[in-house]
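# Structural characterization, general
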Amino acid sequence: MTRALAPFRFLARLHADTSGLALLEFAFALPILLVMSLSGAEMTNYITTKMRMSQVALHLADNAARIGTGSQLVAKTITEADINDLFVGANLQGGELNLQANGRIIVTSLEPTANPNTAGTYKIGWRRCYGAKTTYARQYPSGSGTTGLTGLGPTGRQVTAPDNGATMFIELYYEYKPILQTSLSPATSMTEIASMIVRDRRDLTQVYAVAGVTASTC
């Protein structure tokens, strides 16, 4: 009779034994914790990259508005070398993001159609591009027109240029590289825009060529 009850006693002891309960609960919770942790890390990296792109775009606009050679007595001239240096500086600021390989930078000089601009329309004085992602199509302006523009930028938030001056408009595209998996990040690409009015007098007739320097044309 005692031997017959042995299996039931063993099951009773097993039922009362809670020594491995914590380990079992941890095993069930581990996948959830991993997903939450990895998703949090991916989101943090994505947001940080987005902020860095915004800062790079703003600094690019500011630097583009400052470049040029000349004094306060004459209008500053800009060269193809100045613009190329602008792009190199942006790539260095991006650091390990490597904007040259993973992005596309479009710099546009928005200028009045006439001086003074009595028509209230604008033109693209010049545009230069940088980065290996040449398949990216610029958003502003989306068409091929370069004159008769009402401004540059999203509808309702377009920027314009002052009389006898220019506004530097930056469009920065970047293909995001996830830490772990693409599905954990909101998107695989990001675009930032920024603009800055040229504060000094600038020669708007042309971008001057420099011997041995290749223009970063689009």
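Now for a quick tour of the structure. By convention here, each chain's residues receive numbers from 1 onward along its written sequence. Selection of residues for local features in this predicted model requires a pLDDT of at least 70, selection of side-chain atom pairs for listing and counting requires 80 or more, and totals for whole chains, interfaces and linings are taken over all residues. Computation of side-chain values covers all heavy atoms of the structure but excludes hydrogens and water.

## Things to note about the packing of aromatic side chains
Just so we agree on the cut-off: Only Phe, Tyr and Trp rings take part, Trp by its six-membered ring, and two of them pair if their centres are within 6.5 Å. Stacked means planes under 30 degrees apart, edge-to-face means over 60, and tilted covers everything else. Runs of E in the DSSP output that reach at least two residues are strands. Runs of H or I that reach at least four are helices, and both are numbered from the N terminus. Throughout, exposure labels follow a simple rule: accessible area from a 1.4 Å probe, protein chains only, divided by the maximum for the residue type, with under 20% read as buried, over 50% as exposed, and the rest as partly exposed.
Considering all chains together, one arrives at four aromatic pairs under this definition. Seen in terms of ring centroids, Y136 and Y173 are 4.4 Å apart; in terms of plane orientation they differ by 10°. Their pairing is stacked. Remark: Y173 occurs in strand β3 (residues 167-175) and Y136 occurs in the loop between β2 (122-130) and β3; sequence separation between them is 37 residues. Residue Y136 is classed as buried on the basis of its relative accessible area, which comes to 15%. On the basis of relative accessible area, Y173 is assigned to the buried category, the value being 11%.

## Re helix α3 (residues 80-94)
For clarity, the cut-off: In this scheme, a helix's expected span is set at 1.5 Å multiplied by one less than its residue total.
With 15 residues, α3 ought to run about 21 Å at 1.5 Å a step, and its terminal C-alpha atoms sit 21 Å apart, in line with that. Along α3, the positions that sit buried rather than exposed are E80, D82, I83, N84, L86, F87, A90, N91 and G94. At the exit of α3 stands G95, carrying a positive phi of roughly 60°.

## Things to note about the side chain of T108
Stated precisely, the cut-off is as follows: Here a polar contact is recorded for every N or O atom pair within 3.5 Å, except that within protein the pair must consist of a potential hydrogen donor and a potential acceptor, and residues adjacent in sequence are included only if both atoms are side-chain atoms. What makes two residues a contact is simply this: any of their non-hydrogen atoms within 4.5 Å.
Within the element layout of this structure, T108 appears in strand β1 (residues 103-112). Side-chain polar atoms of T108 contact the side chain of R127, separated by 3.4 Å. Excluding residues that lie within four positions of it along the chain, T108 makes contacts with I124, W126, R127, L152, T167, M168 and F169.

## Details of the nonpolar core
Short version of the rule: The nonpolar core is taken to be a set of buried Ala, Val, Leu, Ile, Met, Phe, Trp, Tyr and Cys residues, with the residues joined through side-chain atoms within 4.5 Å.
By size, the foremost hydrophobic cluster in this structure holds 30 residues, and its most contacted members are I105 and V107. Counting residues per element, the ones that place at least two in this core are α2 (21-66), α3, β1, β2, β3 and β4 (189-197). It is α2 that contributes the most residues to this core, eight residues altogether. Residue contacts for I105: discarding those within four places in its chain leaves L60, F87, A90, L99, R128, C129, Y130, E171 and L172. Listed in part, the nine residues of the second largest apolar core include Y122, L149, V159 and A161.

## Re the state of the cysteines
Put simply, the test is: In this description, a disulfide is simply a cysteine sulfur pair whose atoms lie within 2.5 Å.
This structure, assessed with the given rule, holds one disulfide. The residue that forms a disulfide with C129 is C218, at a sulfur-sulfur distance of 1.8 Å. The sign of the S-S torsion, about 90°, decides the handedness of the disulfide formed by C129 and C218: right-handed. In this pair, C129 sits in strand β2 while C218 sits in the segment after β4, placing the two residues 89 residues apart along the sequence. We classify C218 as exposed; its relative accessible area is 55%.

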